Amino acid sequence: AMAAEEEEAAVPPQKRFYRQRAHANPLADHTLRYPPRPQDMDWASLFPAFFPPDAPPGTHPARVEFADWGADPLIPAIAPLVSQLSKLFFLFPDPHFKRTKHKWRIISPAMLAEYGYVLRPGGLVYTVTDVPELHQWMLQHFGEHPLFEPLPPAQLAADPLVPLLPAVTEEGQRAQRAGRPP
């Protein structure tokens, strides 16, 4: 009887009882809260030792400039290179057509907060898609976010990168061959 109990206990989990995914996007977790601007971040809730609530008036809190998640050997090597980005490119991103998949789009309120943090003031974001619905989605979300503003048409027309972007990716070349304008 004991051998039968041990044999039952040694049975591995059955696949039909578990949901499998090839990959998961940890940034699609919508329980994360992002402040609209970096200066609105409540660091005291995360690091009370550096941002004490009982600090004397006029005391300047510590300024967060770099985050380290266990990369100690890497920090000396990358420290001179750490800076904000001047350009971000979103060229023919996956449109995720189904409404239930919109949360996976690379342009979303939570992700825009991330992009706003890594893009230097005055930095540029370039987007190209051949899907009109996705284009409207991106315009709406960038327009609603306080860290982004549209370029004046004259500046956009003078940018030498703009005419090159529709054909620099394989997806862009496919769209051009199929007659789908960006």
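First things first, this report covers the structure right here in the doc. Since we're looking at a predicted model, the values are computed, not measured.

Concerning the packing of aromatic side chains
A complete count under the given rule lists 3 aromatic pairs for this structure. Here phenylalanine 142 and phenylalanine 148 contribute two aromatic rings whose centre-to-centre distance is 5.0 Å and whose plane-to-plane angle is 80°, an arrangement assigned as edge-to-face. Of the residues examined, phenylalanine 142 reaches a relative accessible area of 13% and is grouped as buried. When its relative accessible area of 13% is taken as the criterion, phenylalanine 148 is described as buried. Geometry around tryptophan 137 places arginine 105 over its ring, the cationic atom sitting 4.6 Å from the centre.

Considerations on unusual backbone geometry
Of note in this structure, phenylalanine 92 is not a glycine but carries a positive phi near 55°. Position of phenylalanine 92 among the secondary structure elements: in the loop between strand E1 (85-91) and helix H3 (109-118). We classify phenylalanine 92 as buried; its relative accessible area is 10%.

Looking at the pattern of salt bridges
Working definition: two side chains of opposite charge can pair if their charged atoms are close together. All chains considered together, the criterion is met by 4 salt bridges. In this structure, glutamate 171 and arginine 180 form a salt bridge, with 3.5 Å as the shortest nitrogen-oxygen distance. On the basis of relative accessible area, glutamate 171 is assigned to the partly exposed category, the value being 28%. Because the salt bridges share partners, they merge into one network encompassing Asp130, Glu171, Arg174 and Arg180.

A closer look at a nonpolar patch on the surface
The grouping of Leu46, Phe47 and Phe50 at the surface amounts to a nonpolar patch, some 330 Å² of accessible area in total. Position of phenylalanine 50 relative to the elements: it lies in the loop between helix H1 (2-9) and helix H2 (75-78).

Brief notes about H3
Buried within H3 we find Ala110, Met111, Leu112, Ala113, Tyr115 and Gly116. The elements touched by buried residues of H3 are E1, strand E2 (119-128) and helix H4 (132-144).

Remarks on the pairing of E1
One ladder, built from 6 bridges, connects E1 with E2; its direction is parallel. Following the sheet pairing, leucine 91 is matched in E2 by valine 128. A crossover links E1 with its parallel partner E2, the connecting element being H3, and its sense is right-handed.

Description of the nonpolar core
Formed by 13 residues in total, the largest nonpolar core has its most connected members in Ile107, Leu112, Tyr115, Met138, Phe142 and Phe148. Of all the elements, H4 adds the most residues to this core, at 4 residues. Beyond its immediate sequence surroundings of up to four residues, tyrosine 115 is in contact with Leu88, Phe90, Ile106, Ile107 and Phe148. If you look at the next biggest cluster of nonpolar residues, it comprises 6 residues, including Phe92, Tyr126, Val128 and Ala175.

Parameters and conventions
- Residues numbered from 1 in each chain as written.
- Predicted model: local features only at pLDDT ≥ 70, side-chain atom pairs only at ≥ 80, totals over all residues.
- Heavy atoms only, no water.
- Phe/Tyr/Trp six-rings, centres within 6.5 Å; stacked < 30°, edge-to-face > 60°.
- Buried < 20%, exposed > 50% of the residue type's maximum accessible area, 1.4 Å probe, protein only.
- Lys NZ or Arg CZ within 6 Å of the ring centre and 35° of its normal.
- Helix = DSSP H or I, 4+ residues; strand = E, 2+ residues; numbered from the N terminus.
- Salt bridge = Lys/Arg side-chain N within 4 Å of Asp/Glu carboxyl O.
- Patch = residues over 30% accessible without salt bridge, like charges linked within 9 Å, V, L, I, M, F, W, Y side chains within 5 Å.
- Areas by Shrake-Rupley, 256 points an atom, 1.4 Å probe, with all protein chains shown as cover.
- Contact = heavy atoms within 4.5 Å.
- Pairing = 2+ DSSP bridges.
- Right-handed = clockwise from strand over helix to strand, strands pointing away.
- Core = buried A, V, L, I, M, F, W, Y, C linked by side-chain atoms within 4.5 Å.

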